[in-house]
Amino acid sequence: MKIEKELTHPIHPRHKLRLEYTETPYNCDGCKEAGIGYKYKCHQCAFTLHKACAIAAPRTTHPFYQKCEFKLYYHPPGKCKRVCDACRTYVHGFVYHCDSCDFDLHPCCANLPQVLDDGKRDLYLCSKLSSSCHGCGGTGLGWSYRSQCGAYNLHLSCVKEMLVESWLAVYLNVDKNRVRQMVTSIPRLKGSLQNRPVVRGSVGKYGQMAGAAARAVVSAVLGDPTAMVAAVVSGIVSK
Ligand SMILES: [Zn+2]
Ligand SMILES: [Zn+2]
Ligand SMILES: [Zn+2]
Ligand SMILES: [Zn+2]
Ligand SMILES: [Zn+2]
């Protein structure tokens, strides 16, 4: 598929958005989730979209939900809080929603690759885990990435939680200025931090777990599976 260098988006019609690449996390003004890698950014104001959010088609399908037709909404439909069925976090903005089954997917989640290459092994996207996740120890709800050998299992939700925890750990221990700036520029993370005053001891656990696998899933979760996220997550995962 051809990638446009510039585009105009209906929710930001007055200015053009340009394709950029960044290794600093940003907040997407479409789905309101954190992102990294390729993004579309307005050069006249701070408006930014994930690539997946910027070019999201009005309708889409997904192999995990064969019977569903997903429609793109710029605001979550209905009155209830909606949860993304892939990453199990609340939906605050752009969402693919199936009217008949009530399934919801962030545009980035709907676009997650079925196979992720972490440089050492292939990780396969699956809608249900059969063996326990390295993050939570359970099989739980939501999608995950799994290696064929079964040694690596990671829920998307656990990876998102790992990001928040690791950024919090860095915030408390290492380069305070850099991370403070990062945290305040990502409202979703800021919200998460307010709800979790205690640092749990899991950062080390993830670190020992699988550096390359975790890094690959982190970049996919942040909307760009090809992004080199080493700089952002170097504090969390071992090399
Ligand atoms: Zn987005
Ligand atoms: Zn603008
Ligand atoms: Zn459906
Ligand atoms: Zn999601
Ligand atoms: Zn898990």
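Above this note sits the structure.
Within each chain, residue numbers correspond to sequence positions counted from 1 in written order. Here every chain gets a letter starting at A, and every ligand a number starting at 1, in the order they are written. Since the coordinates come from a predicted model, pLDDT governs what is reported: local features require at least 70, and pairs of side-chain atoms require 80 or more to be given and counted, while whole-chain, interface and lining totals use all residues. With hydrogens and water excluded, all non-hydrogen atoms of the structure serve as input to the side-chain values.

Two aromatic rings from Phe, Tyr or Trp, using only the six-membered ring of Trp, form a pair when their centres are within 6.5 Å; if the ring planes differ by under 30 degrees the pair is stacked, by over 60 it is edge-to-face, and anything between is tilted. A complete count under the given rule lists 6 aromatic pairs for this structure. A ring pair is formed by Tyr21 and Tyr38, whose centres lie 5.1 Å apart and whose planes are at 70°; its orientation type is edge-to-face. Taken together, the residues Tyr21 in strand S2 (residues 12-27) and Tyr38 in strand S3 (residues 34-42) connect sequence positions 17 residues apart. Pairwise contacts between aromatic rings join Phe64, Tyr65, Phe70, Phe103 and Trp143 into one cluster. Over the ring of Tyr90 we find Lys81; its NZ or CZ atom is 4.3 Å from the centre of that ring. Where helices and strands are cited, they refer to DSSP runs of H or I of at least four residues and of E of at least two residues respectively, numbered from the N terminus. For a Lys NZ or an Arg CZ to count as sitting over a ring, it must be within 6 Å of the ring centre and within 35 degrees of the ring normal.

For the zinc ion (ligand 2), the protein coordination sphere consists of His12 (NE2), His15 (ND1), Cys42 (SG) and Cys45 (SG), at 2.1 to 2.2 Å. One way to put it: the 4 donor atoms around the zinc ion (ligand 2) meet at angles of 101 to 126°, and that makes the site tetrahedral. Keep in mind that water is not among the atoms, so a site may look incomplete; donors are the N, O and S atoms within 2.8 Å of the metal, or 3.2 Å for Na, K and Ca. Here the donor residues for the zinc ion (ligand 2) map to a single chain with the spacing H-x2-H-x26-C-x2-C. Throughout this description, buried means an accessible area under 20% of the type-specific maximum (1.4 Å probe, protein chains only), exposed means over 50%, and partly exposed covers the range between. We classify Cys42 as buried; its relative accessible area is 0%. By the criteria applied here, four donors are tetrahedral when all angles lie between 85 and 135 degrees, four are square planar and six octahedral when opposite donors are over 155 degrees apart and every other angle lies between 65 and 115, and any other arrangement is irregular.

By definition, the strands of a sheet pair up through backbone hydrogen bonds, in either a parallel or an antiparallel sense. Pairs of strands are assigned from DSSP output, requiring at least two bridges between the strands. Across the sheet, 4 strands lie side by side as S9-S10-S11-S12; this open sheet has antiparallel pairing. Each end of this open sheet is capped by a strand with a single partner; those strands are strand S9 (115-117) and strand S12 (153-155). Strand after strand, the sheet turns through a mean of 25° between neighbouring axes, direction not considered. Relative to strand S10 (residues 122-126), S9 runs antiparallel, the two being bridged by 3 bridges. Paired with Asp117 across the strands is Asp122, a residue of S10. Angles run from 0 to 180 degrees between N-to-C directions of axes, and those axes are lines fitted to C-alpha atoms, restricted for helices to the stretch in contact.

The next subject is the coordination of the zinc ion (ligand 5). Those protein atoms acting as donors to the zinc ion (ligand 5) are Cys133 (SG), Cys136 (SG), His155 (ND1) and Cys158 (SG), and they sit at 2.0 to 2.4 Å. Geometry at the zinc ion (ligand 5) is tetrahedral, judged from its 4 donor atoms and the angles of 98 to 123° they form at the metal. According to the relative accessible area criterion, Cys136 is partly exposed, its value standing at 45%.

Residues belong to one nonpolar core when they are buried, are Ala, Val, Leu, Ile, Met, Phe, Trp, Tyr or Cys, and are joined through side-chain atoms within 4.5 Å. Leu105, Leu112, Leu123, Trp143, Tyr145, Leu156 and Val217 are the most contacted members of the largest nonpolar core, which has 37 residues in total. Contributing elements (two or more residues each) for this core: S3, strand S6 (65-73), strand S7 (95-97), helix H2 (107-110), S10, helix H3 (156-173) and helix H7 (211-221). Sort the elements by how many residues they give to this core and H7 lands first, with 7 residues. With 12 residues, the next largest nonpolar core counts Tyr26, Cys31, Cys42 and Phe47 among its residues.

Attention now goes to the side chain of His62. Positionally, His62 belongs in strand S5 (residues 59-62). Contacts between residues were defined by any pair of non-hydrogen atoms, one from each residue, lying within 4.5 Å. Not counting residues up to four positions away in its chain, the partners in contact with His62 are Phe70, Leu105, Ala110, Gln114 and Trp143.

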